[in-house]
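One-letter residues, chain by chain:
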Amino acid sequence: MSRVVVTNHVTLDGVMQAPGRPDEDVRGGFDRGGWAIPDNDPVMGRVMGEGMAQPGALLLGRRTYGDFASYWPHQKDNPFTEVLDNIQKYVASRTLREPLPWPNSTLLRGDVADAVGPAQTRAGC
């Protein structure tokens, strides 16, 4: 049986929004984007790299997919770029349409809870 592994960046006071760039997610007037970058360290980089080295696929929502797809394919000097370009990506969205622009991306159809089981089986997770 496959499992879904969640990776979240969260502050000690519970913020789970816009960890990477100041303009990443300004919904609701959020102006603290980019909070994670100053505190990234070699340990976090190693742990993230180990997680990304595991076989499997990514399960992304529409907002995260759009942000990742607009950023990662253009980061040519980053070790995560090749992994993210090549990994199978399953995208939960009711508004996106195929073909999705980022290689190895599949739009999940219908109810995402029903679609995840078969998608994970196909990915060999």
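This write-up is about the structure you can find in this document. (Residues numbered from 1 in each chain as written. Predicted model: local features only at pLDDT ≥ 70, side-chain atom pairs only at ≥ 80, totals over all residues. Heavy atoms only, no water.)

A word on the pairing of strand β2 (residues 88-92)
Sheet topology places strand β1 (residues 57-61) next to β2; 5 bridges connect them, and they run parallel. Looking at the pairing, Leu 59 lines up with Tyr 90 of β2. Taken together, the 4 bridges between β2 and strand β3 (residues 105-108) define a ladder with parallel strand orientation. For Lys 89, the partnering residue across the bridge sits in β3 and is Ser 105. (Pairing = 2+ DSSP bridges. Helix = DSSP H or I, 4+ residues; strand = E, 2+ residues; numbered from the N terminus.)

Let's talk about a nonpolar patch on the surface
A contiguous nonpolar surface patch, about 330 Å² in accessible area, is contributed by Val 4, Val 6, Leu 59 and Val 112. Among the structural elements, Val 112 can be located in helix α4 (residues 112-123). For Val 112, a relative accessible area of 35% gives the class partly exposed. (Patch = residues over 30% accessible without salt bridge, like charges linked within 9 Å, V, L, I, M, F, W, Y side chains within 5 Å. Areas by Shrake-Rupley, 256 points an atom, 1.4 Å probe, with all protein chains shown as cover. Salt bridge = Lys/Arg side-chain N within 4 Å of Asp/Glu carboxyl O. Buried < 20%, exposed > 50% of the residue type's maximum accessible area, 1.4 Å probe, protein only.)

Overview of the nonpolar core
Within the largest apolar cluster, 9 residues are counted, these being Leu 60, Tyr 65, Ala 69, Trp 72, Leu 84, Val 91, Leu 100, Trp 102 and Leu 107. Among all residues touching Leu 60, those that are not within four sequence positions of it are Tyr 65, Phe 68, Lys 89, Tyr 90, Val 91 and Ala 92. (Core = buried A, V, L, I, M, F, W, Y, C linked by side-chain atoms within 4.5 Å. Contact = heavy atoms within 4.5 Å.)

Notes on the pattern of salt bridges
As enumerated under the stated definition, the model contains 6 salt bridges in all. When the shortest N-O distance is used, the salt bridge between Asp 25 and Arg 63 registers 3.3 Å. In this pair, Asp 25 sits in the segment before α1 (42-52) while Arg 63 sits in helix α2 (residues 62-71), placing the two residues 38 residues apart along the sequence. Take Asp 25: its relative accessible area is 9%, and that puts it in the buried class. We classify Arg 63 as partly exposed; its relative accessible area is 40%.

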